[in-house]
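In case you want the letters, here they are:
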Amino acid sequence: MSSIIQLLPDHVANQIAAGEVVQRPASVVKELLENAVDAGANDIKLILKDAGKSLVQVIDNGLGMNVTDARLCFERHATSKIRQAEDLFSLHTKGFRGEALASIAAIAHVEMKTKQDQEELGTHIVIEGSKFVSQDVAVLPKGTSFGVKNLFFNIPARRNFLKSDTVEYRHIIDEFHRVALAHPQLYFTFYHNGSEMFNLHPSSLRQRIVNVFSGKTNEKLVPVNEETEIVSIQGFVCKPEFAKKNRGEQFFFVNDRFIKSGYLHHAVMAAYEGLLKDGAQPSYFIYLTVPPNTIDINIHPTKTEIKFDDESALYAILRASIKHSLGQFNVAPVLDFERDANLDTPYHYKDLEASSPTIQVDGSFNPFSEENRPNKHFINYRKPESTANWESLYIGLKQDSEEVETMTFENEAVTSSLFNSEDVEQAVHKTYQIQKKYIVNPIKSGMIIVDQQRAHQRILYEQFLTNITVNLASSQQLLFPLHLYFSNGEMQLIKELKPSLTNTGFVFEETNEDSVVISGLPVNVSESEASLVLEQLLSDLHDGIPESSFSQNDTIAKSMARSLAIKTGTYLTQKEQENLVNGLFACKDPNVSPFQKPTFITMRVEDLDKKFAL
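Residues numbered from 1 in each chain as written. Predicted model: local features only at pLDDT ≥ 70, side-chain atom pairs only at ≥ 80, totals over all residues. Heavy atoms only, no water.

Engineer: Whenever I open this one, the pattern of salt bridges confuses me. Can you help?
Structural biologist: Close approach of charged atoms lets side chains of opposite charge pair. Counted under the stated rule, the structure contains eleven salt bridges. Taking the shortest distance from any N to any O, the salt bridge between E34 and K30 comes out at 3.4 Å. Of the two residues, E34 and K30 are both situated in helix 2 (residues 25–38); the distance of four residues between them amounts to about one turn of the helix. What makes E34 buried here is its relative accessible area of 10%. Residues D554 and K558 are paired through a salt bridge, measuring 3.4 Å at the closest nitrogen-oxygen approach. Of the two residues, D554 and K558 are both situated in helix 14 (residues 549–564); the distance of four residues between them amounts to about one turn of the helix. Each member of the salt-bridge network shares a partner with another, and the members are K30, E31 and E34. (Salt bridge = Lys/Arg side-chain N within 4 Å of Asp/Glu carboxyl O. Helix = DSSP H or I, 4+ residues; strand = E, 2+ residues; numbered from the N terminus. Buried < 20%, exposed > 50% of the residue type's maximum accessible area, 1.4 Å probe, protein only.)

Pasting the structure below:
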């Protein structure tokens, strides 16, 4: 029987490896930026076209490569980062596998230009789908320029799975943020379709965070600093009042490498215990420095997951240091509301030794001398006589109540009834609220039980959808315009949603790079709810704006309905209950909420009879 196992060709193996390493244009951006950092560059440029689908180019002024290295770097498992297996536990670079460039070259058109400082001429290489097209000598500046065009040109199925340009661009922004925040000492510039998006000069960590997001971020940051034998923790956390619904601005860096860790995130949330509203997520920028031999990075193709030797100790130290910072800067509440902050012990005094106070005695003090005798002044105080009783103001007025009762009027309308008042059945309440959650409404065949939150969501959803697609909604003008600050990525999203938001009732007076000025709001949105509604909307659309305009409007209507609907636990008056029930059954589809959950159930009398049957 013939053998059936065979070695795969190199180009097929590279395409398979590319499926793990290169998932979207953002993966290419991540690998190229990390290579530029590893090359020792201090000036890195990122250039994109069509959200990386047409072009991803990274230009750096690093070490560069000679002719041999330039050709060899595209081979699988060829790397300059490690030499032996033991080097995996003493890593000081971003990459170490040697798979990224080979994977990228297998699924795109790649053009690389590189030159070392001591060389007179550089190398220019062109590769298309793992095939070397040309290799020439060229006059180049020091460093490397790596251009990736037509990503997934030979794998059309993968290209069809890519999202819209807006979604892919947001993923690239996330990867750029992670590298730029990890290295504030480097100069980064970012261009997209010819427009400059970021120009980040070398700066301190705090300034880099402010430059990446917005100027308003500076007042939100609380510094965290802790030095232990296990780990060194630095960075910033945001004050609880600036917590958001989404988990956008949350960054962990271990030895200047971005990671994702639900375990460490739980430690941060534990430090904020009692300070956040339900569902709120704090922003944080935490930098951990640990010995390289205590972590294992080689467990995931994207290198964003890390195994620690002693996770429990790291958890406790991180939680305690953040909790200490929140308390040190008077962010956490205290029980003594009349505490004088001037009496607090300064933080830098905590390690000082206590010293015994000195006692001074005045031997010449005589308590019986005239000089030291306290002066006592007695004042005769006499309580004034009470004033006359207030009832005396009404003495002499006529008491005409009896006369009014016997008085008749000629023009009184004659009213009559067919039945005696005793025979008229008193009107009963039509609706009842149970546990501040459900509304019970009797009907002829039994009763219906309405979920007040889901019912209100359905009502608001249809109102907003009608306003967006059919007619313009009315808006209430604000006496003072509302200034709201957002990050650059969020501002891009708001600018795209601006026409739809205007149809719902928002009036944008001004739109800046990191803020918007709102002068009008929808009628059912209060001024305090405006920022919450927009944050929830951005959170719902974080994974991407739908391609079609109707789907986008539908998402906006659902998000705003969820934010503004009355919550479980809200007391409703009799009139509010009736309006809610009537409004629900006036909807086009009252049976389900916008999120396809039932809004009410019907319980017949027969069902109740069965419950009581023995």
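Engineer: Before we go on, may I ask you to explain the packing of helix 8 (residues 262–271) against helix 9 (residues 311–328) in this structure?
Structural biologist: Two measures define how a pair of helices packs: the angle their axes make with one another and the distance between the axes. Running from N to C, helix 8 and helix 9 cross one another at 35°; their axes reach a closest spacing of 8 Å. Helix 9 is crossed by helix 8, and the crossing has right-handed handedness. Mapping the contact onto sequence places Y263, L264, H266, A267, V268, A270 and A271 in helix 8 and E311, S312, L314, Y315, L318, R319, I322, K323 and L326 in helix 9. Broken down by class, the residue content of the contact of helix 8 with helix 9 amounts to eleven nonpolar, two polar and three charged. (Axes fitted to C-alpha atoms, helices over the stretch in contact; angles between N-to-C directions. Left-handed = near helix turned anticlockwise from the far one by under 90°. Contact = heavy atoms within 4.5 Å. Nonpolar A, V, L, I, M, F, W, Y, C, P; charged D, E, K, R; others polar.)

Engineer: What exactly am I supposed to notice about the packing of aromatic side chains here?
Structural biologist: In this description, an aromatic ring pair is defined by two values, namely the gap between the centres and the angle between the planes. For the structure on display, the rule yields 18 aromatic pairs. Between F74 and F132, the aromatic rings sit 6.2 Å apart at their centres with planes inclined by 85°, giving edge-to-face as the arrangement. Placement of F74 in the loop between helix 3 (67–72) and helix 4 (100–106) and of F132 in strand 5 (residues 131–138) is noted, with a sequence separation of 58 residues between them. What makes F132 partly exposed here is its relative accessible area of 29%. (Phe/Tyr/Trp six-rings, centres within 6.5 Å; stacked < 30°, edge-to-face > 60°.)

Engineer: How should I be thinking about the sheet that holds strand 12 (residues 257–259) in this particular structure?
Structural biologist: The pairing of strands in a sheet happens through backbone hydrogen bonds and is either parallel or antiparallel. Strand order in this open sheet of five strands is 9-10-13-11-12, and the pairing throughout is mixed. The open sheet is flanked by strand 9 (221–227) and strand 12, the only strands paired with a single partner. Neighbour-to-neighbour, the strand axes of the sheet open up by a mean angle of 20°, direction not taken into account. Two elements, strand 11 (residues 250–254) and strand 12, share three bridges in a ladder whose sense is antiparallel. (Pairing = 2+ DSSP bridges.)

Engineer: Would you mind going over the sheet that holds strand 7 (residues 187–192) with me for this structure?
Structural biologist: If you walk across this open sheet you meet the eight strands as 5-4-3-6-2-1-7-8, and the pairing is mixed. Edge positions in the sheet fall to strand 5 and strand 8 (195–200), since each of these pairs with one other strand and no more. Ignoring which end each strand starts from, the neighbouring axes of this sheet average 10° apart. The pairing of strand 1 (residues 43–49) with strand 2 (residues 55–60) spans six bridges and is classified as antiparallel. Paired with L48 across the two strands is V56, which belongs to strand 2.

Engineer: Please explain the side chain of S321 as it appears in this structure.
Structural biologist: Tracing the sequence through the fold places S321 in helix 9. Not counting residues within four places of it along the chain, the set of residues in contact with S321 comprises V224, E226 and I233.

Engineer: Mind showing me how you'd approach the pairing of strand 18 (residues 446–451) here?
Structural biologist: Two faces, one strand: in a regular strand the side chains alternate between the faces of the sheet. The element strand 18 is largely enclosed, with a buried count of five among its six residues. Note that strand 17 (residues 438–443) and strand 18 share six bridges and pair antiparallel. Note on strand 18: the bridge partner recorded for V440 is I449. If you look at the hairpin formed by strand 17 and strand 18, you'll find two residues sitting between the two strands.

Engineer: For this particular structure, what's the right way to read a nonpolar patch on the surface?
Structural biologist: Together, L121, V137 and V139 make up an exposed nonpolar region whose accessible area comes to about 330 Å². Relative to the assigned elements, V139 resides in the loop between strand 5 and strand 6 (143–149). The exposure class assigned to V139 is exposed, which follows from its relative accessible area of 73%. (Patch = residues over 30% accessible without salt bridge, like charges linked within 9 Å, V, L, I, M, F, W, Y side chains within 5 Å. Areas by Shrake-Rupley, 256 points an atom, 1.4 Å probe, with all protein chains shown as cover.)

Engineer: What exactly am I supposed to notice about the confidence of the model for the chain here?
Structural biologist: In regions of low pLDDT, the predicted coordinates are not meant to be interpreted in detail. Mean pLDDT over the chain: 80, with 78% of residues reaching 70 or higher. Every residue in residues 414–427 is under pLDDT 50, and counting partners more than four places away or in other chains gives zero contacts. (pLDDT = per-residue confidence, 0-100.)

Engineer: Would you mind going over the side chain of K53 with me for this structure?
Structural biologist: Of note, K53 is situated in the loop between strand 1 and strand 2. Taking relative accessible area as the criterion, K53 reaches 16% and is therefore assigned buried. Side-chain polar atoms of K53 contact the side chain of D165, separated by 3.1 Å. (Polar contact = N/O pair within 3.5 Å; in protein donor to acceptor, adjacent residues only side chain to side chain.)

Engineer: Is there a simple way to think about the packing of helix 6 (residues 165–182) against helix 12 (residues 488–504) in this case?
Structural biologist: For the pair helix 6 and helix 12, the least separation of the axes is 11 Å and the interaxial angle reads 165°. Between helix 6 and helix 12, the crossing angle belongs to the class labelled roughly antiparallel. Here the hand of the crossing between helix 6 and helix 12 comes out left-handed. Taking contact as the criterion, the partners of T166, Y169 and R170 in helix 6 are, on helix 12, G489, E490, Q492, L493 and E496. Residue composition of the contact of helix 6 with helix 12, grouped by class: two nonpolar, three polar and three charged. (Parallel < 35°, antiparallel > 145°, perpendicular 65-115°, else oblique.)

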